[in-house]
Each structure stands twice: as C-alpha cells, then as structure tokens.
Amino acid sequence: PARMLRELAEALEVLTADRTLVLILEDLQWSDPSTVEALAYLAQRPEPARLLVLGTYRPVEVLLRGHSLRGMLQELCGRGHGSDLRLELLSAADVAAYVAGRLGGPVGAPLTACVYARTDGNALFMVTIVEHMVQQRAVVQRAGQWTLREGAEAQVASLPEGLQGLLRRRIQALPPAVCRVLEAASVVGRAFTVAAVAA
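Keep in mind it's a predicted model, so treat the numbers as computed, not measured.

What counts and how
Residues numbered from 1 in each chain as written. Predicted model: local features only at pLDDT ≥ 70, side-chain atom pairs only at ≥ 80, totals over all residues. Heavy atoms only, no water. Helix = DSSP H or I, 4+ residues; strand = E, 2+ residues; numbered from the N terminus. Patch = residues over 30% accessible without salt bridge, like charges linked within 9 Å, V, L, I, M, F, W, Y side chains within 5 Å. Areas by Shrake-Rupley, 256 points an atom, 1.4 Å probe, with all protein chains shown as cover. Salt bridge = Lys/Arg side-chain N within 4 Å of Asp/Glu carboxyl O. Expected span 1.5 Å × (residues − 1). Buried < 20%, exposed > 50% of the residue type's maximum accessible area, 1.4 Å probe, protein only. Arc of directions from axis to C-beta. Contact = heavy atoms within 4.5 Å.

**A few points about the environment of glutamate 37**
Mapped onto the elements, glutamate 37 comes out in helix α2 (residues 33–44). Here the alpha-carbon distance between glutamate 37 and leucine 8, two residues 29 residues apart in the chain, equals 12 Å.

Below is the structure:
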C-alpha cells in the first residue's frame, strides 16, 4: 500500500509538471479507507504540485456512518492542508433559478413555491424532486411558462423512491431513543410542541 501511494503521488507530479490538474471526486461518503488514505497522503506531501483536489460529500452520511473521512478532514483542515466548505440551503430565488434552468424556460411562481416548500432549499432533495416531477410528467408548459399539470398535486405529494430510501437509511442509522422521538412526532403531525411529543 505504501508503494502504491508513493507511485500515485509521483504520477500526479508528472501529470502536473506542465499544467494544473483539478481532480474532482464526488460522493466521498461512499469512499473506502484506501481512498481516504490516498487523499490524506496527497494533501500532506511536501513536494510542490499543481494539483487541486475537490471532493464532495454529505456530512450527515459521514457523521452517521462514523466514516474515516471525518477524521481525515479534521486533521487536514487543522494543519492548514485543506478547507471544508459547507453549502448552505438554497434560497427560494436559487430554487427558482435551478427549476427554470432544468426545465429550459420561465417557471410559474406556484411551481417554484411547491418545490421550495417540499425541499426547504436542500439541493439534493430539490434535484430529486424536480427529476421526479419531470419523469411523472407532472409539469407542463402553459402560456409560455412551466407549471404543475392539473391534477398532478397527488403525484408531487409522494416522495420519489430513491429519496425515500435515502431518508430511511438515515433514520435507521439514528440511535433508538431518537427514533422513538421521531416516531412520536410523526404521529402528532408536521408541526408539534415538545410537550405533545414528550407525552
């Protein structure tokens, strides 16, 4: 393993001798320990290289699974070898811009309000919900703008299967006491008081 890491670093040095290389790694929350080790090794090498490594990950997944990526990021950021940029929730205007770009034209305010209300600006949820709407043909172009098709509210109300699976995995990874609180809260409804859930 040590030789492989050294050879990887040397290969990247050769590749970056004449030009800058941007290496983009998506969904690092699914990475194996060897990948995390390689990233740590590359980030801490003293030799100069015109290399920028950008990695994306879901902090909740890393935290719930106790992934080694978390410790590596804390170590690298603490030593000044990396930066952790947290993405904030998107604003209603950002959601409207995304939906318009994805659908390729102006979008009616009720449609963007529906997407924003369903996702609270969570980018992953937003993309998934919009794709679900497109696949279900729940959006149509009317009077020059995209809007919900009449009678499509029921289709939009259900969560896409992939998103249901993601949420199910996250909930199953929670401690049993937290799951009991969530179960009680789900019976009470979308909005509730702490006293009602405690009872």
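**Some thoughts on a nonpolar patch on the surface**
On the surface, Val22, Ile24, Leu52 and Leu54 cluster together into a nonpolar patch covering about 350 Å² of accessible area. At the level of secondary structure, the elements contributing two or more residues to the nonpolar patch comprise β1 (21–25) and β2 (51–55). Structurally, leucine 54 is set in strand β2.

**A word on helix α1 (residues 2–15)**
With 14 residues, α1 extends 20 Å from end C-alpha to end C-alpha; this agrees with the ideal 20 Å at 1.5 Å per step. Those residues of α1 that fall on the buried side of the exposure criterion are Leu5, Ala9 and Leu12. Down the axis, α1 shows its buried residues gathered within 60° of arc, on one side only. The exposed set on the far side of α1, more than 90 degrees from its buried face, consists of Arg3, Met4, Val14 and Leu15. For α1, the secondary structure elements touched by its buried residues are β1, α2 and β2.

**Focus on the pattern of salt bridges**
For the structure on display, the rule yields five salt bridges. Across the pair glutamate 13 and arginine 45 runs a salt bridge, and its minimum N-O distance is 2.3 Å. Taken together, the residues span a long stretch of sequence, with glutamate 13 in helix α1 and arginine 45 in the loop between α2 and β2 at a distance of 32 residues. The class for glutamate 13 is partly exposed, based on a relative accessible area of 25%. Its salt-bridge partner being arginine 86, residue aspartate 84 comes within 3.4 Å of it at the nearest N-O pair. Since its relative accessible area comes to 31%, aspartate 84 is described here as partly exposed. The class of arginine 86 is exposed, set by a relative accessible area of 52%.

Nothing here speaks to function; it is geometry throughout.
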